[in-house]
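# Examination of the molecular architecture
These are the residues of each chain, in order.
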Amino acid sequence: MKKIVILVLLCSVAGLAQLARPAVYIEPQNGFETYLAAAISKKNVPVDVVTDQTKATYLLKAAPIEIKTESTGGKIARCLFAYCAGIEDKGNVSVQLIETSSSKMLWAYSVNKQRGGGKNAQSMAEAVAKPLK
């Protein structure tokens, strides 16, 4: 009987801990919000991602991903006269965490990925989620 009571109490405490997690709404940004939600889950960030902005405690707002591409001619020239390392497209993104009740910006972060540019949205999202934890 004691074991059942302890089990029920532990489940209740775990349930309360789940309720205490803040809710985050990720503002849509050309599909990058999906990568951010997946990265938040993968990195075990202690928040609940919600799809209704009115129920969110925080708003995670991402700027558009900027891709810097180098022309094929530029890549060839760099390989011929310098070195081929680092000739891939480059990408960067910035995010802000805003408290919905006061519109106060609580946290901002910027990520620069030197390889892959637009192909590396998942890596950029994970780089955002890691310090958010």
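Attention in this report is confined to the structure presented alongside it. Keep in mind that this is a model prediction, so the values were computed, not measured. (Residues numbered from 1 in each chain as written. Predicted model: local features only at pLDDT ≥ 70, side-chain atom pairs only at ≥ 80, totals over all residues. Heavy atoms only, no water.)

## So, the overall build of the protein
The helix and strand tally for the protein stands at 4 helices and 6 strands. Residues classed as buried in the protein amount to 23% of the 133 residues present. Partitioning the contacts of the protein with sequence separation of at least 6, the portion at a separation of at least 24 is 66%. Approximately 8900 Å² of the protein is accessible, and the part contributed by carbon and sulfur atoms is 58%. (Helix = DSSP H or I, 4+ residues; strand = E, 2+ residues; numbered from the N terminus. Buried < 20%, exposed > 50% of the residue type's maximum accessible area, 1.4 Å probe, protein only. Contact = heavy atoms within 4.5 Å. Areas by Shrake-Rupley, 256 points an atom, 1.4 Å probe, with all protein chains shown as cover.)

## Some points on the environment of V24
Here V24 lies in strand β1 (residues 23-26). With a relative accessible area of 4%, V24 lands in the buried category. In the structure, V24 is positioned 76 residues away from T100 in sequence and 9.4 Å away in space, judged by C-alpha atoms. In this view, V24 contacts V47, D48, V49, V50, A56, Y58 and L60; residues no more than four positions away in its chain are not counted.

## Quick notes on the environment of R21
Here R21 shows up in the loop between α1 (2-19) and β1. Along the backbone, R21 and T57 are 36 residues apart, and their C-alpha atoms lie at a distance of 9.7 Å. At 2.5 Å, the side chain of R21 forms a polar contact with the backbone oxygen of V47. In this structure the side chain of R21 is engaged in a polar contact, spanning 3.1 Å, whose partner is the side chain of D48. (Polar contact = N/O pair within 3.5 Å; in protein donor to acceptor, adjacent residues only side chain to side chain.)

## Section: the packing of helix α2 (residues 32-42) against helix α4 (residues 121-132)
With their axes 8 Å apart at the nearest point, α2 and α4 run at an angle of 50 degrees to one another. Here α2 lies oblique to α4, going by the angle between them. The element α2 and its partner α4 pack so that their crossing is right-handed. Seen from α2, the contacting residues are F32, Y35, L36, A39, I40 and K42; seen from α4, they are A121, Q122, M124, A125, E126, V128, A129 and L132. In terms of residue class, the contact of α2 with α4 is made up of 11 nonpolar, 1 polar and 2 charged. (Axes fitted to C-alpha atoms, helices over the stretch in contact; angles between N-to-C directions. Parallel < 35°, antiparallel > 145°, perpendicular 65-115°, else oblique. Left-handed = near helix turned anticlockwise from the far one by under 90°. Nonpolar A, V, L, I, M, F, W, Y, C, P; charged D, E, K, R; others polar.)

Everything listed here is a matter of geometry and, on its own, says nothing about what the molecule does.
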